[in-house]
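If you want the building blocks of each chain, they are given just below.
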Amino acid sequence: MTSRGQTLFKAAEAVNWAAAAAVTAMMLLVCADVTMRFFFRSPIPGAYDLVGFLAMLAVSLSLSYTTITKSHIAVELLVEKLPRKVRHGIDAINALLSFTLFAMITWQTALYGLHMRTTGEVSLTLKLPVYPFVFGITAGCGFLCVILAFQCYLSIRRVARL
Amino acid sequence: MTPTTVGIIGIIALFVLIFSRMPVAFIMTIIGFVGFGYVITFNASMNLVVKDFYTVFGSQSLTVVPLFVLMGQVAFHSGISKRLFDAAYVFLGNQPGGLAMATIGACAGFSAICGSTNATAATMGAVTLPEMKRFDYKPELATGVVAAGGSLGILIPPSVIFIVYGVMTQQSIGKLFVAGIIPGVLLTGLFIVTIAIWTRLRPDLGPAGPATSFREKCAALPGIVETIILFAMVMGGLFAGIFTPTEAGAVGALGTIVLSLIRRRLTWKSFVESLMETTRISCMILLIVAGATVFGHFLAVTRIPFDIATWISSVNLPSWAIIMLILVVFFVGGCFIDSLALIMLTVPIFYPVIILFQYDPVWFGVVIVLMTQIGVITPPVGINVYVVSGVARDVPLQTIFRGVLPFLLALIITVLLLIPFPGIALWLPGLM
């Protein structure tokens, strides 16, 4: 991998640390809630809201790491039998299409988040504002776009070199 | 073009593009987006994608996914599998094929704390394959048994497939989990019988090991205690209605961490590794659910699922024939497409049919899981076989695929038993 590729990988890993922290927090929060309910008959108010938000952050922030480690389900069966040049060509098109999709999602979630900020939408019990978590998805998808753009560039360069 | 035509083009495009090795989750989203935009408007379609992603990522019912994945990952990294195998070995090792039977027993045990097939196959493979090699087991039996046994991971609860199916069809995840228990025990038994028959026919496959004393048997028992505690806590809590699935997952994950810490089996490094894996796997699962949701909404506006359901009911086939047709689609599809992706693609189409013919949705969930188990071991795309070949690098893929064949038979028998006797799956959840 090139040095730029390594930097991106390190960055994706670092962002994934935040996702990992969110999962840990989810686990601890739910366990604390169960304990409080079971032994003291007083569940933690808003635990339910928070768990959903933490899950949202966990998934969004690990999008890049999941993509850069090639962990998504994909059918390799056919493409891996093709000549190398065609393979890289297909990868470039795939990355470009994926980039377009996630650029659209980044843009639209940003609009959605802004909309929620103006309308002042809050969560059910804690009355936490919802929009920062929507911006969490925007951030995760935005970073994913950077990675997809880089993967597209790499595949095009490979085609050109062959 | 009528919406139905657009829908059919969408489905065809999906099955063609899937072979471009673009992530299946992305393809489903793109086709869903374009199709929905074409039928309604592109503005509505952009809203749809954003709402679906937002809803799935923050879905309360899907918060169970990372928690149960974490539980399995910690169990994977902390040596529970080795102790399960040692315990099963002292009881079964002196039989012909006994090590293979012990592997199945340990797989079933590990499945009770882990919800995925590949994690179960990978962890059991690492533990049991060297042992079977040491006792001169033929590679086809040794690798086949791990690939097939690993598939129990999704039948015996917890199970990622049950969670995803439950969310898609709005069925109780707790009931689905409990419905997997008896079929899981039945299949474990059938796998062991398969080994017994196969090694009787070909004794060279797995020679009997030395007998163990009563004292050794007693000494090995503590090895399964932690698994029993965790399973009892998680499933007992769910069954009794004390925990929601999310709570069961959180308690299970923390419980596994605490027990591993007490045994001094969990290092900081392996904990971090478990977490990184957990986020990676959960993100993969949730993204494919989000993609399937977008695609499902597109299909819904084309009315294709309803058209198919009405059409099937009009051709006057008996209901068992409909089920057989669906099973054939799953079988053939499972050979080429990853099983999780296949479920996501087909459930929106088949589920209305199942409901129309008044089959129980929980029962259908169990059938789908069994078909998935078949899918993960059949060539050319059998993820468990690839996982096992990653552990046993000296064994050619064909050998492993040959080794899973007898177990495939046991799986098919279980599916066929479930059709006339749905009670195998439905009796236990009926008590809840």
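Quick caveat, the model's predicted, so the values are computed rather than measured. (Residues numbered from 1 in each chain as written. Chains lettered and ligands numbered in written order. Predicted model: local features only at pLDDT ≥ 70, side-chain atom pairs only at ≥ 80, totals over all residues. Heavy atoms only, no water.)

Topic: the side chain of Asn94(A)
Part 1: As for its position among the elements, Asn94(A) is in helix H3 (residues 84-119).
Part 2: Those residues within four positions of Asn94(A) in sequence are excluded, and the remaining contacts are Ser20(B), Arg21(B) and Met22(B). (Helix = DSSP H or I, 4+ residues; strand = E, 2+ residues; numbered from the N terminus. Contact = heavy atoms within 4.5 Å.)

Describing the interface of chain A and chain B
Part 1: The interface of chain A with chain B comprises 58 residues on the first partner and 51 residues on the second.
Part 2: Interface area, chain A with chain B, both sides summed: about 5000 Å², of which 79% is carbon and sulfur.
Part 3: The three residues of chain A that bury the most area against chain B are Met27(A), Ile73(A) and Val75(A), which together make up 15% of that side's buried surface.
Part 4: Among the ionic pairs, Arg21(B) bridges to Asp91(A), the shortest N-O distance being 2.8 Å. (Buried area = accessible area lost by both parts, 1.4 Å probe. Salt bridge = Lys/Arg side-chain N within 4 Å of Asp/Glu carboxyl O.)

A look at the packing of aromatic side chains
For any two aromatic rings, the description comes down to two numbers: the centre-to-centre distance and the angle of the planes.
Part 1: Applying the stated criterion across every chain, the model contains 21 aromatic pairs over all chains.
Part 2: With 5.9 Å between their ring centres and 80° between their planes, Tyr131(A) and Phe135(A) make a pair best called edge-to-face. Highlighted residues: Tyr131(A) and Phe135(A), both in helix H4 (residues 131-161), separated by four residues, approximately one helical turn.
Part 3: What makes Tyr131(A) partly exposed here is its relative accessible area of 25%.
Part 4: Aromatic ring contacts, followed pair by pair, group Phe102(A), Phe26(B), Phe53(B) and Phe57(B) into a single cluster.
Part 5: When the ring centre of Tyr131(A) is taken as reference, the NZ or CZ atom of Arg117(A) above it lies at 5.7 Å. (Phe/Tyr/Trp six-rings, centres within 6.5 Å; stacked < 30°, edge-to-face > 60°. Buried < 20%, exposed > 50% of the residue type's maximum accessible area, 1.4 Å probe, protein only. Lys NZ or Arg CZ within 6 Å of the ring centre and 35° of its normal.)

Quick word on the packing of helix H1 (residues 3-40) of chain A against helix H2 (residues 47-68) of chain A
Residue and element names in this part refer to chain A.
Part 1: Two elements in contact, H1 and H2, have axes whose closest approach is 8 Å; the angle formed by their N-to-C orientations is 155°. One element, H1, and the other, H2, form an angle in the roughly antiparallel class. The two elements H1 and H2 cross, and the hand of that crossing is left-handed.
Part 2: Its residues assigned to classes, the contact of H1 with H2 comprises 21 nonpolar, three polar and two charged. (Axes fitted to C-alpha atoms, helices over the stretch in contact; angles between N-to-C directions. Parallel < 35°, antiparallel > 145°, perpendicular 65-115°, else oblique. Left-handed = near helix turned anticlockwise from the far one by under 90°. Nonpolar A, V, L, I, M, F, W, Y, C, P; charged D, E, K, R; others polar.)

With respect to the state of the cysteines
Part 1: Counting across every chain of the model gives zero disulfides over all chains.
Part 2: Cys114(B) supplies the cysteine sulfur nearest to Cys31(A), a cysteine that is in no disulfide, at a spacing of 18 Å.
Part 3: The structure places no disulfide on Cys283(B), whose sulfur is separated from the nearest cysteine sulfur, that of Cys141(A), by 9.5 Å. (Disulfide = S-S within 2.5 Å.)

Quick look at the packing of H2(A) against H4(A)
Residues and elements named next belong to chain A.
Part 1: Contact geometry for H2 and H4: axes closest at 9 Å, N-to-C directions at 5°. Regarding the angle of H2 to H4, the classification is roughly parallel. Every residue of H4 that contacts H2 at Phe53, Met56, Leu57, Ser60, Leu63, Ser64, Thr67 and Ile68 is listed here: Phe133, Gly136, Ile137, Gly140, Cys141, Phe143, Leu144, Ile147, Leu148 and Gln151.
Part 2: Classifying every residue of the contact of H2 with H4 by side-chain character gives twelve nonpolar, six polar and no charged.

Bear in mind that shape data such as this cannot, by itself, settle questions of function.
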